[in-house]
Structures are given as structure tokens and as C-alpha cells.
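A structural walkthrough
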Amino acid sequence: MDFTFTDEQKMLRQTARQFVDAEIMPHIAKWDAQGSFDEAIWKRLADLGFMGVCVPEKYGGSGMDYNALAILCEELERGDTAFRTAVSVHIGLNCMTLMQWGTEEQKQKYLVPQAKGEKIGAFGLTEPGAGSDVSAIQTTAVRNGDDYILNGQKTWISLCDSADNFLVFAYTNKSKKHHGISAFIVERTLPGFSSKAIKGKYGIRAGNTGELFFEDVRVPAANLLGEEGEGFKIAMAALDNGRFTVAAGAVGLLYACLESSVEYATTRETFGKKIGEHQLVQQMLAKMEAGYQMSRLLVYRAGELKNQGVRNTRETSLAKWQACDFANQAADDAVQIHGAYGYSDEYPVARYLRNSKAPVIYEGTREIHTLMQAGYVLGERSDKKLNRMLPKWPFEE
């Protein structure tokens, strides 16, 4: 596979990097401390075409490929994980799921304004008692005339207070277990919907994360995504995209850790020489570089499969697992290289370490991905073709 960037991709990286350096880096320490970022960032992301970077132009997007999305996620997480998370959820989990499963009417009503950045999309799967075990969700949707009556609760939902539209998963027939889960497009403005942010998070503090509540929310039947009972398939397909963006973001965090550590190691002196001349510091830097390079290859390989419209659950799982683990270790080493300064807010590496932990947990824990990969190796798991495959790039009708 040839991962040489096109001129368009190079321009995207340059634009994204300039955006991060000018509009995130100078403010992120303050935003991280206060627990939120400036909402004006959304408009700037939209103005640059980032909110629909890999959505077809006919649906309001920029029409770039999946590896362009990876490049954007890398650069945003180099600034802070909160911004990559926002794009991951909006594009990876929501927009591209609408692309794959939505009707033309749903795409026109929801995907187009989201790709243009006029609306923000989010994703509601996790519940207080249902994380890795998706079939344990308790939220229900009961058909009532031309509507479904939605009741339940979601938690750890990114953009809970910011998003306009949510992809929400609920049981329409619990007797069928995970085959009875369905997916719905839920608008924030529907009566009975409410949200509440979670405070005191360990990391990704600038990001908005919280709970969703549904109390007899009447969702139009036209907002059913796919067919009744296809919710589990839709959720898994969405996670293939979400995990891809998380892995790409981890590559950006790896780069940030390496960049900060190299700068510090070539200026700080101990025992009469730069600390970068000490072999144990060199060892940590070498591990960061190895993790960075390997993770990039895994991510772009998964991206190329997406471009071909090929199911990529196995490859994306491996990329997400390894890149997030490498990033978590790199952030820990970056703090160690900085010594006592690394344990303070004077340098960004403490924030990198705090931010690096959540991706090891969400969108499939390290343990879940370990089991998935073992299942593939042992022949106990295989990827069957979905009835609605990924749109192949260039996006042709």
C-alpha cells in the first residue's frame, strides 16, 4: 500500500496544523482548567471544511477520503484530545453512520447540515450498566402510531450539551436480545429530552461529556435508522469508524509527546550534559518513535481498506488497541523525561498523560480488543459482509 500523501492531504495537514497552533495551543491550558472550550471553535472548524472532511460534496462535505479524516484527527489531538474527540463523534460515529445507513431523506435533513457545520451530531450507546456489553442496555423504544416512545438513560456521551442530533440505541424487542436493538435519530429539541455534563473528569477536561435522559420522548418513525433490529449492526459499523478516528488521534498524541520530550531532552542538562545524551532517556525516546511509526502504518492501512469499501473491523481494532496503548506509554515516559516539571502544568505532558487514559477505555477497552484479536487468530471470529457496506471512495453513487 502506498501511503504517500496527495497534495490535497498535505494541504489539509498544513491547514489543520496552523489552526491548532494559532487557535488551540495558546488557550488549551485555560480551557482544560475551566472544563470547557470556546464554542466559537465550532464555526472555525466549519469554515475550514473540517466538520464534513470525508463526507461527499453532494451532502455538504469536502469529499476527501478516510485517511484525510485520520490526518485531521492526528493534528487536532496534537493540540488536545477534546478537539479530536469532538470530530470523532461528529464525523466518525454520527455523519459516516448516516452515510452508510441513512435514507436519502435522512441524509438531506441531518447529514447535510452536519457536514456543513450548521448542526452538531453525537452518539448515544453507553449506559450506566452497559459499556462493553452492548446487549445490557435498558433504554427502550415502543412503537406508538407514527412515533416511537423512547425511555432510558445514556452516560459518558461526548458532546452531550453541545450536539443538536444524537444517534441513540434502544430496545424495540428485548426478547430478541441484541437482535432487538434499533437505532434512532433524536433531536435535542424533542420534549422529554435532557442532558447533564459530568464534572471532575481525570482527563479530556476541555471536552463536554455527560448523560442523556429520555422521558417519554416521541421520536418520529421516520427517524428510525435502518430497520428495526439492525441497531447492533449499525452500532458496530459506527464503532469501526469511531475507533479509526481514536487510533488516528492517538498517533497525534504520540507525536506531541515525542515533540515535547525531544525539545526538553535537548535543552535540559544533568551531570554536565544534555539529558538526551543519557541512554535511558534515549531508550524512552526511541520507544516513542517506534510506537508513532507503527501506529501510523496501522491507521493508514485501516483507512485504505475503508477507502476501498471493505469491512475493516479486525484492522481497525488492532490500530485502536495498539495506538492507544503506545500513546498512553509515551505520555507516561514524557512525564518521566520532564521529571518534576512533567508533574506540573508548566509543561503540557501532564495533560497528555491525563488525556491518554480515556482512549484506552472507550470505544472498546484494551481488554475487549485483546479478546477480539485473539478470536481472529484462533479462527473463532470472522468479519461477515454487512448488508450495507461502507461507501467506497471516491464516493460514487
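Summarised in this report is the structure supplied together with it. (Residues numbered from 1 in each chain as written. Predicted model: local features only at pLDDT ≥ 70, side-chain atom pairs only at ≥ 80, totals over all residues. Heavy atoms only, no water.)

Notes on the overall build of the protein
Condition: Numbering of helices and strands runs from the N terminus, with a helix taken as a DSSP run of H or I at least four residues long and a strand as a DSSP run of E at least two residues long. The quantity called the radius of gyration is restricted to C-alpha atoms. Its globule counterpart is 2.2 Å times the number of residues to the power 0.38. Between buried and exposed lies partly exposed: a residue is buried under 20% and exposed over 50% of the maximum accessible area for its type, with that area taken using a 1.4 Å probe on protein chains only.
Along the backbone of the protein there are eleven helices and ten strands. Here the C-alpha radius of gyration of the protein, 21 Å, is about what a compact globule of 397 residues would show, namely 21 Å. Along the longest, intermediate and shortest principal axes, the C-alpha atoms of the protein span 80 × 45 × 40 Å. Counting across all 397 residues of the protein, residues that qualify as buried make up 54%.

Considering unusual backbone geometry
Residues other than glycine predominantly adopt negative phi, and peptide bonds predominantly adopt the trans conformation. The phi dihedral of I204 is positive, around 50°, even though this residue is not glycine. Locating I204 in the fold gives a position in the loop between β6 (193-197) and β7 (209-220). Residue classification places I204 among the buried residues on the basis of a relative accessible area of 8%.

As for the pattern of salt bridges
The line we're drawing: Salt bridge, as applied in this entry: a Lys or Arg side-chain nitrogen positioned within 4 Å of an Asp or Glu carboxyl oxygen.
As enumerated under the stated definition, the model contains 18 salt bridges in all. Where R84 meets E77, a salt bridge forms, and the shortest distance between an N and an O atom there is 2.7 Å. Since its relative accessible area comes to 1%, R84 is described here as buried. Residue classification places E77 among the buried positions, given a relative accessible area of 2%. Note that D333 is salt-bridged to K287, the shortest N-O span being 3.5 Å. Here D333 is found in helix α9 (residues 313-338), whereas its partner K287 is found in helix α8 (residues 279-307), with 46 residues between them in sequence. On the basis of relative accessible area, D333 is assigned to the buried category, the value being 7%.

Section: the packing of helix α1 (residues 7-23) against helix α4 (residues 66-79)
So the rule is basically this: Every angle, taken between N-to-C directions, lies between 0 and 180 degrees, and every axis is a line fitted to C-alpha atoms, over only the stretch in contact when it is a helix. Note that the term roughly parallel is reserved for angles under 35 degrees, roughly antiparallel for angles over 145, roughly perpendicular for angles of 65 to 115, and oblique for everything else. Throughout, a crossing is termed right-handed when the near helix is turned clockwise from the far one, and left-handed when it is turned anticlockwise from it by less than a right angle. Should any heavy atoms of two residues lie within 4.5 Å, those residues are considered in contact. Ten residue types, Ala, Val, Leu, Ile, Met, Phe, Trp, Tyr, Cys and Pro, are classed as nonpolar, four, Asp, Glu, Lys and Arg, as charged, and the remainder, Gly among them, as polar.
The contact between α1 and α4 brings their axes to 9 Å, and the two run at 20°. With respect to α4, the axis of α1 lies roughly parallel. As α1 packs across α4, the resulting crossing turns out to be right-handed. Judged by residue contacts, Q9, L12, R13, A16, R17, F19, V20 and D21 of α1 engage N67, A68, I71, L72, E74, E75, L76, R78 and G79 from α4. Classifying every residue of the contact of α1 with α4 gives eight nonpolar, three polar and six charged.

Some words on the pairing of strand β4 (residues 165-171)
The cut-off we apply is this: Strands qualify as paired when DSSP identifies two bridges or more between them.
Of all seven residues in β4, seven are buried; the element is thus mostly enclosed. Neither face of β4 is open: one carries N165, L167, F169 and Y171, the other F166, V168 and A170, and all of them are buried. With four bridges connecting them, strand β1 (residues 121-124) and β4 associate as parallel partners. Bridge pairing in β4 places G121 opposite N165. The pairing of β4 with strand β5 (residues 181-187) spans seven bridges and is antiparallel. Each residue of the ladder has a partner; that of Y171, found in β5, is I181.

Structural notes on the side chain of T81
As for its position among the elements, T81 is in helix α5 (residues 81-101). In this view, T81 contacts I204, N355 and Y362; residues no more than four positions away in its chain are not counted.

As for the environment of S295
Of note, S295 is situated in helix α8. The contacts of S295, once residues within four sequence positions are left out, are V251, L254, Q322, A323 and F326.

Notes on the side chain of S162
With respect to the helices and strands, S162 occurs in the loop between β3 (147-158) and β4. You can call S162 buried: its relative accessible area is 16%. Beyond its immediate sequence surroundings of up to four residues, S162 is in contact with E39, I120, R188 and N208.

Here we look at the packing of aromatic side chains
What counts here: Ring geometry is summarised as follows: Phe, Tyr and Trp rings, the Trp one being its six-membered ring, pair when their centres sit within 6.5 Å, and such pairs are stacked at plane angles under 30 degrees, edge-to-face over 60 and tilted between the two.
By the definition in use, this model includes twelve aromatic pairs. A centroid spacing of 4.6 Å and a plane angle of 40° characterise the contact between F37 and F83, whose relative ring orientation is tilted. With F37 in the loop between α2 (28-34) and α3 (40-47) and F83 in helix α5, the pair connects residues that are 46 residues apart, well separated along the chain. By the burial criterion, F37 is buried, and F83 matches it. Judged by centre distance (5.2 Å) and plane angle (35°), the ring pair of F166 and F193 falls under tilted. Here F166 is found in strand β4, whereas its partner F193 is found in strand β6, with 27 residues between them in sequence. Here F166 matches F193 in class, with each residue buried.

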